[in-house]
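# Structural description and commentary
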There are 2 protein chains.
Amino acid sequence: MNPDGATSFVDRIPDYHARLHAALERWLPAADHYPATLHEAMRYAAEGGKRLRALLIYAAGEALSVAPSMLDGAACAVELIHAYSLVHDDLPAMDDDELRRGRPSVHKAYDEATAILAGDALQALAFHVLAHDDRGPEARARLHMVDLLAEAAGSRGMCGGQAVDLAAAGRQMNLAELEAMHIHKTGALIRACLLMACQARTALDARVLDGLDRYGKCIGLAFQIQDDVLDVEGDSETLGKTGGKDQASNKPTFPALLGLSVSSQRAAELFVEAHAALAPLSDAALPLHQLADHIAQRAR
Amino acid sequence: MNPDGATSFVDRIPDYHARLHAALERWLPAADHYPATLHEAMRYAAEGGKRLRALLIYAAGEALSVAPSMLDGAACAVELIHAYSLVHDDLPAMDDDELRRGRPSVHKAYDEATAILAGDALQALAFHVLAHDDRGPEARARLHMVDLLAEAAGSRGMCGGQAVDLAAAGRQMNLAELEAMHIHKTGALIRACLLMACQARTALDARVLDGLDRYGKCIGLAFQIQDDVLDVEGDSETLGKTGGKDQASNKPTFPALLGLSVSSQRAAELFVEAHAALAPLSDAALPLHQLADHIAQRAR
């Protein structure tokens, strides 16, 4: 819950960014620790970004009255998985992108082998953090978090979506196929954020869990449609990655399939659905409503 | 313990291979499950091999009187991590090897992007198996297993060793540096096998734990020295991977540093040390003695 009833969750984002930064600092091996280049590259890969996934965890924590210290491990773990996935996605054999978060991607700043290994090690570190985080919830809850994160990151989640995405370049996809791809590629991990936060609360009402799950699904897909729209509209400077990339690589996107205006409309509908899904939490859901509005307004 | 006092652990290897095969079959998504190519590639990558790591877990299980059903998840998880590491090691940007376990490596049988993603998804699956394995030990023990495996697979273990290995091509290394590299690259995961098996036993004597840890360390390093020696002596057909590769790529190896005969001598000493480390388990250690002898005799 909003502790003083006045400020918005959005005002607390800098505090949560600082928390996450401190947690990552605690868990990432020092850049001079053997082997130094690998640890440097891991730190480089984990820097920056909007930290949307961590914010969803902390906002869900507020809504469920879970102390943020109970969720630092989960927030850290999910951002490490996200960071690794970007490193691997940018590789020449994958999306071949030289720019990420406004800087050279890891295989350009270092080399391909280091990028592959840094990604691999970031994934392992995510699970180490969840397993080793004695300040977090009790063992059974953390084991569930490991399970949720592993499932969301794996072949039936993020990696699976990326595989479909790569196989899709240059071929037609219908709307159902495109949505299925994104529900895997970005949706699964975003949904896992909400479900992981739920693990930190005991005796959770099933309707609350379902509501948060549906909120996560809607936000995940809306976020991806937005990403496609911004890729058409934005320039590389605003995006921090190469703009117009989807069209250039002939990838199926929502704007290509539905046009820009219908795509934006579809995203807007999903945000409405996300808000509606929070009904079982009634007033406690305020931080999640505020974060959804914040995401809906990004880059406008 | 050896159940009938007559057969050797070596005679039971086919049974353990069958157990592991069944467990992998249960956990790997079906090859026709969406996205099919990725799941096919994951299954291809997970096939074959000596399964040394799983055997160490089952042998430790016998020594500790832990039922093998309690260790199927751990055996599966560690073999999935090993399989993923081979897929990524073989990539053109890494060791660039076209042959693995006597067949085309994953990026040759499929393509580079699929190999990267299959490796990533196999790593995630390993942690999913440990977290989701309700037939295994209780939650706290499985969470410790996650921690041990994540630490061993990450930048302070396997990935770190591989990074040092890649950076070392063409440059001199002394014996201490070479051993440090291998203790990370292959030793950490082998050592984790023994420690993971210990998690399935409650109230374990600290001397037993230390003994198994030391056994794992010695076996891990001895195994790697053997690997270097076999790479010089063996042809590709016997090895199932490209022979003479280390020398061709100018990698530091034990034979290059010490000569073949001193290297073999060093491996033999480590096997002696491995046997000695089992003293705290007295007669119960028989399966581990037998497995160590079996490893010492491979490819002769």
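Above this note sits the structure.
Just so we're clear, the structure is a prediction, and the values are computed from it rather than from any experiment.

About the thresholds
Residues numbered from 1 in each chain as written. Chains lettered and ligands numbered in written order. Predicted model: local features only at pLDDT ≥ 70, side-chain atom pairs only at ≥ 80, totals over all residues. Heavy atoms only, no water. Axes fitted to C-alpha atoms, helices over the stretch in contact; angles between N-to-C directions. Helix = DSSP H or I, 4+ residues; strand = E, 2+ residues; numbered from the N terminus. Left-handed = near helix turned anticlockwise from the far one by under 90°. Contact = heavy atoms within 4.5 Å. Nonpolar A, V, L, I, M, F, W, Y, C, P; charged D, E, K, R; others polar. Phe/Tyr/Trp six-rings, centres within 6.5 Å; stacked < 30°, edge-to-face > 60°. Buried < 20%, exposed > 50% of the residue type's maximum accessible area, 1.4 Å probe, protein only. Lys NZ or Arg CZ within 6 Å of the ring centre and 35° of its normal. Parallel < 35°, antiparallel > 145°, perpendicular 65-115°, else oblique. Salt bridge = Lys/Arg side-chain N within 4 Å of Asp/Glu carboxyl O. Buried area = accessible area lost by both parts, 1.4 Å probe. Polar contact = N/O pair within 3.5 Å; in protein donor to acceptor, adjacent residues only side chain to side chain. Least-squares fit on C-alpha atoms with pLDDT ≥ 70 in both.

### Comments concerning the packing of helix α6 (residues 112-132) of chain A against helix α7 (residues 139-153) of chain B
- Two elements in contact, α6 of chain A and α7 of chain B, have axes separated by 8 Å at closest approach and are oriented at 145 degrees. Like other packed secondary-structure pairs, α6 of chain A and α7 of chain B cross with a definite hand, here left-handed. Every residue of α7 of chain B that contacts α6 of chain A at Ala-124, Phe-127, His-128, Ala-131 and His-132 of chain A is listed here: Leu-143, Val-146, Asp-147, Ala-150, Glu-151 and Ala-153 of chain B.
- Taken together, the residues that form the contact of α6 of chain A with α7 of chain B break down as seven nonpolar, two polar and two charged.

### Some points on the packing of aromatic side chains
- One pass over the structure, following the stated rule, counts seven aromatic pairs over all chains.
- Note on Tyr-44 of chain A and Tyr-110 of chain A: the rings are 5.8 Å apart at their centroids and 75 degrees apart in plane angle, and the pair reads as edge-to-face. A residue pair is termed long-range when its members are at least 10 positions apart, and Tyr-44 of chain A in helix α2 (residues 36-46) and Tyr-110 of chain A in the loop between α5 (106-109) and α6 qualify at 66 residues.
- Between Tyr-16 of chain B and Tyr-58 of chain B, the aromatic rings sit 4.6 Å apart at their centres with planes inclined by 15 degrees, giving stacked as the arrangement. Placement of the pair is Tyr-16 of chain B in helix α1 (residues 13-27) and Tyr-58 of chain B in helix α3 (residues 52-63), with a sequence separation of 42 residues.
- The buried category is assigned to Tyr-58 of chain B, whose relative accessible area is 2%.
- Ring-pair connections join several aromatic residues into one group, and the members of that group are Phe-9, Tyr-16 and Tyr-58 of chain A.
- The ring centre of Tyr-44 of chain A lies 3.9 Å from the NZ or CZ of Arg-103 of chain A, which sits over that ring.

### Re the packing of helix α7 (residues 139-153) of chain A against α7 of chain B
- At a minimum axis separation of 8 Å, α7 of chain A and α7 of chain B run at an interaxial angle of 50 degrees. Between α7 of chain A and α7 of chain B, the angle is such that the two are oblique. The hand of the α7 of chain A/α7 of chain B crossing is left-handed. Of the residues in α7 of chain B, those touching α7 of chain A at Ala-139, Arg-140, Arg-142, Leu-143 and Val-146 of chain A are Ala-139, Arg-140, Arg-142, Leu-143 and Val-146 of chain B.
- Looking at the contact of α7 of chain A with α7 of chain B residue by residue, the classes come out as six nonpolar, no polar and four charged.

### Description of unusual backbone geometry
All names here are of chain A.
- In the segment running from Tyr-34 into Pro-35, the intervening peptide bond is cis, with an omega of -10 degrees.
- Within the secondary structure layout, Pro-35 lies in the loop between α1 (9-27) and α2.
- Even without a glycine there, the phi angle at Ser-282 is positive, about 40 degrees.
- As for its position among the elements, Ser-282 is in the loop between α14 (260-277) and α15 (286-296).

### A few points about the pattern of salt bridges
- This model, assessed by the stated rule, comprises 28 salt bridges over all chains.
- A salt bridge links Asp-90 of chain B to Arg-100 of chain B; the nearest nitrogen and oxygen atoms lie 2.9 Å apart. On the criterion of sequence distance, the pair formed by Asp-90 of chain B in the loop between α4 (72-89) and β1 (99-100) and Arg-100 of chain B in strand β1 is long-range, its members being 10 residues apart.
- The exposure class of Asp-90 of chain B is buried, given its relative accessible area of 2%.
- Overall, Arg-100 of chain B belongs to the buried group, its relative accessible area being 18%.
- Ionic pairing is found between Asp-205 of chain B and Arg-207 of chain B, a salt bridge with its closest N-O pair at 3.3 Å.
- Through salt bridges with shared partners, a single ionic network connects Glu-179, Arg-266 and Glu-269 of chain A.

### As for the interface of chain A and chain B
- Of the residues lining the interface, 46 residues belong to chain A; the matching set on chain B comes to 46 residues.
- When the two sides are added together, the surface that chain A and chain B hide from each other amounts to roughly 3900 Å², 70% of it contributed by carbon and sulfur.
- The largest contributions to the chain A side of the interface with chain B come from Tyr-34, Leu-143 and Arg-156 of chain A, which together make up 16% of the buried area.
- At the surface where chain A touches chain B, the tally comes to zero salt bridges.
- Between chain A and chain B we count 14 residue pairs in polar contact (both at pLDDT 80 or more) in total.
- Those elements that place two or more of their residues in the side of chain A that touches chain B are α2, α4 (72-89), α6, α7, α8 (158-168) and α9 (175-199) of chain A.
- Here the side of chain A that touches chain B takes 13 residues from α6 of chain A, the largest share from any one element.
- Here the side of chain A that touches chain B is composed, by residue class, of 28 nonpolar, 11 polar and seven charged.

### Regarding the relation of the copies chain A and chain B
- If you rotate chain A by 180 degrees and push it 0.0 Å along the axis, it lands on chain B with an RMSD of 0.0 Å. What we have between these two chains is a two-fold relation.
- Most of the interface of chain A is mirrored in chain B: 100% of its interface residues are interface residues there too.

### Structural notes on the environment of Asp-89 of chain B
Residues and elements named next belong to chain B.
- With respect to the helices and strands, Asp-89 occurs in helix α4.
- Along the chain, Asp-89 and Gln-162 lie 73 residues apart, while their C-alpha atoms are 8.0 Å from each other.
- Beyond its immediate chain neighbours, meaning those up to four positions away, Asp-89 contacts Met-94, Asp-95, Asp-96 and Gln-162.

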